[in-house]
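As a plain string of letters, each chain reads:
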Amino acid sequence: MTPAYAPDRPGHTVNQTITDSVGEMISMDLLPYSFVENKGFCKLMKVVAPHYTLPAGIHFSNKVVPQLHQRVTSKVIESLVNIEGKVVHCTADIWTRKFSTSSYLSLTGHWFIQKISARGAVTHTRVSALLGMKVIDTEYSPAEILQHLLGLVEEWQTGAPHRFTVGFLVTNNTSNMVKAVSDSGFEHIRCMAHSIHLIVTGAIEECHGVVTAINTARRITNTVHMSTKAVAKLHEMQEQLGLAEAALTHDVPTRWNTVLFMLQRLLEQKKALIDMSAEMDLGESVAEHQWTLIEAIVKVLEPFEEATRTVCQDDASISSVIPCIQALRAALNELIANKDVSDLLETRKLVGLLQSHLEEHFEHVFETSTNTYFKATLLDPRFKIMPITLLSQLDFERLKAAVTVEVEELLEQDRMLSAGETGSISGAAPESPEDSSSKPTSLFWGAMQSLVANNAASLSKTVTSLGLETYLAESSPQSLASDPLSSYWSAKMAQHPALARVAVKYLACPPTSVSSERLLSTGEDAFAPDYRLLPADVPQLVFTKYNLAKFP
């Protein structure tokens, strides 16, 4: 008889494979080790593997999961061998469960690696990993945060085959985190998603009419959710009216865009809710002018949600910060001219507040022409011409000079390290540029595409050995949806190796800290660890869960 479970690794018995799989389940679902002793699970295992003896929880906590953790750690270390430029960018965040005395500090790493196939073909790819998590007291100080961050970094720097340098550290804008990073010596990048959250929530709070409309939507949503009768009636109305069967959407305080999703769902179900309100109390009535206001609020907020989604993508880079700010500026200007928005006092005020908050929160991005944001934008082939439209000619020359200095420094390092070996490493063939229209048409992406098209001014093609002018003069449109590292710079490693490595240094850094933030929460306590799980067990399990998916 064929066994139900085949060993997944050479030398493993069926029983070992089952035990390892249970260990993976505990890690992936963040379960307490005592779960394996639950009567229901034990009964299930007797059915699916009657000849298998399920070990006690202590066996998983002391042996199985630690061994799995070590295997995953080894794979992360192996990836650190081939880091381009020996630079790892990090993100950090702190998460606290409600009514808990423990918080969790997480640190993720982001880098770009080179792979050489048996045939000598060279490819490059982004890599991200959870580098560690620490249990800290909920009343933490900046000094304590800094101590834990430095400890986590040092563990990996000493454990990796080749010591790497931390490039940029991305965190949210909370005062404790900002203070900790400023004292660390690392260059701080403020999480753009968190900045947008502060911009939108701050603007909304100052608009009484908008707050009233949102509160009305929230009361209706809560009333329907809390009533079995109302939920059944909503489904009945949806079926009668031919609407999509969907529950109303709750908003979450820590996710500003859930307010937008709540309003969008109400508009989608407007006919059903109006018919329902004639038959039952929904906790609040919505007049026609309020529906009009909700529609206008949605129009105003949609560009910010698209910007948030853009910078939170796995391949997003800090090079997208300036383009997204510019696209939001353009979108807000268009909204001012939109009659549906400008005719309403509430949304007209909201747009004005969003504009002022946008400038306030991103003022630091435009402070100097040679800062990280401008360098990253210049080195992104999708947006490389944008700096010249934002800077004076003198400042643009300074920006190019600053990048050139970094290229020259790398070339000098290469000359010093060279032992006379010459290699013919060929990059992968460039991908065919995609049409930037592959992005869905919207106010935000329409503004982004217009910016890119209008900024495509020709530059003097003064070819230098460093390759910067050649790169700037190239006319090779890149899709807004493409990853500039894998679709462009990977293929340029042979032609302009030093310039490509400088580009990697900037473009491998994410513009947000969501990779750290979402380790334990995607809103409230969704996907958080089981309440029965001891805080001391969380870091090892979360490390294994996150990295197991990245390094299977």
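Scroll up a little and you will see the structure.
Quick caveat: nothing in here was measured; it's all calculated off a predicted structure.

The rules behind these values
Residue numbering note: each chain is counted from 1, following its sequence as written. With the structure being a predicted model, the display of local features is reserved for residues of pLDDT at least 70 and the display and counting of side-chain atom pairs for 80 or more, all residues being used for whole-chain, interface and lining totals. The basis for the side-chain values is all heavy atoms of the structure; hydrogens and waters are excluded. Only runs of H or I of at least four residues qualify as helices and only runs of E of at least two qualify as strands under DSSP, and these elements are numbered from the N terminus. Note on exposure labels: buried denotes an accessible area under 20% of the residue type's maximum, exposed denotes more than 50%, and partly exposed covers the range between, all computed with a 1.4 Å probe on protein chains only. Two residues form a contact once any of their heavy atoms are found within 4.5 Å. Working definition of accessibility: Shrake-Rupley area with a 1.4 Å probe, residue cover restricted to the visible protein chains. Any two rings among Phe, Tyr and Trp, with Trp reduced to its six-membered ring, count as a pair given centres within 6.5 Å; such a pair is stacked if its planes are under 30 degrees apart, edge-to-face if over 60, and tilted if neither. Each salt bridge in this description consists of a side-chain nitrogen of Lys or Arg and a carboxyl oxygen of Asp or Glu lying within 4 Å of one another. Patch construction takes residues with relative accessible area above 30% that form no salt bridge. Like charges are linked within 9 Å, and nonpolar side chains (Val, Leu, Ile, Met, Phe, Trp, Tyr) are linked within 5 Å. Note: two strands are recorded as paired if DSSP finds a minimum of 2 bridges between them. Throughout, an axis means a line fitted to C-alpha atoms (over the contacting stretch in the case of helices), and angles, computed between N-to-C directions, take values from 0 to 180 degrees.

1. Looking at the overall build of the protein chain
Per the secondary structure count, the protein chain includes 23 helices and five strands. Looking at the protein chain as a whole, 49% of its 552 residues qualify as buried. Contacts spanning at least 24 positions in sequence make up 72% of the contacts within the protein chain whose residues lie at least 6 apart. Total accessible area on the protein chain is roughly 26000 Å²; 54% of this is exposed by carbon and sulfur atoms.

2. As for the packing of aromatic side chains
Scanning the model with the defined rule gives eight aromatic pairs in all. Where F366 meets F374, the ring centres are 6.1 Å apart and the plane angle is 75 degrees; that geometry is what we call edge-to-face. With 5.0 Å between their ring centres and 45 degrees between their planes, Y471 and W489 make a pair best called tilted. Of the two residues, Y471 is situated in helix 19 (residues 468-473) and W489 in helix 20 (residues 484-492); the sequence distance between them amounts to 18 residues. On the accessibility criterion, W489 (0% relative accessible area) is buried.

3. Some words on the pattern of salt bridges
Applying the stated criterion across every chain, the model contains 23 salt bridges. Put simply, K233 and E236 hold a salt bridge, and the shortest N to O gap is 3.4 Å. Here K233 pairs with E236, and both are found in helix 8 (residues 228-241), just three residues apart, close to one helical turn. As a salt-bridge pair, R398 and D395 come within 2.9 Å of each other at their nearest N and O atoms.

4. Quick look at a nonpolar patch on the surface
Residues L44, V47 and V48 make up a contiguous nonpolar surface patch of roughly 260 Å² in combined accessible area. Here V48 shows up in helix 2 (residues 39-48).

5. With respect to the sheet that holds strand 4 (residues 165-171)
Pairing within the open sheet is mixed, and its five strands lie in the order 3-2-1-4-5. Edge positions in the open sheet fall to strand 3 (122-137) and strand 5 (187-190), since each of these has one partner strand only. For this sheet, the mean angle separating the axes of adjacent strands, direction not counted, is 25 degrees. Across 15 bridges, the pairing between strand 2 (residues 102-116) and strand 3 is antiparallel. Counted as the bridge partner of F112 is R126 from strand 3. The strands touched by helix 4 (residues 142-159) are strand 1 (87-96), strand 2, strand 3 and strand 4; relative to strand 3, the strand with the most contacts, the crossing angle is about 135 degrees. Contacts between helix 23 (residues 538-550) and the sheet are confined to strand 2 and strand 3, with strand 3 contributing the most and set at about 170 degrees to the helix.

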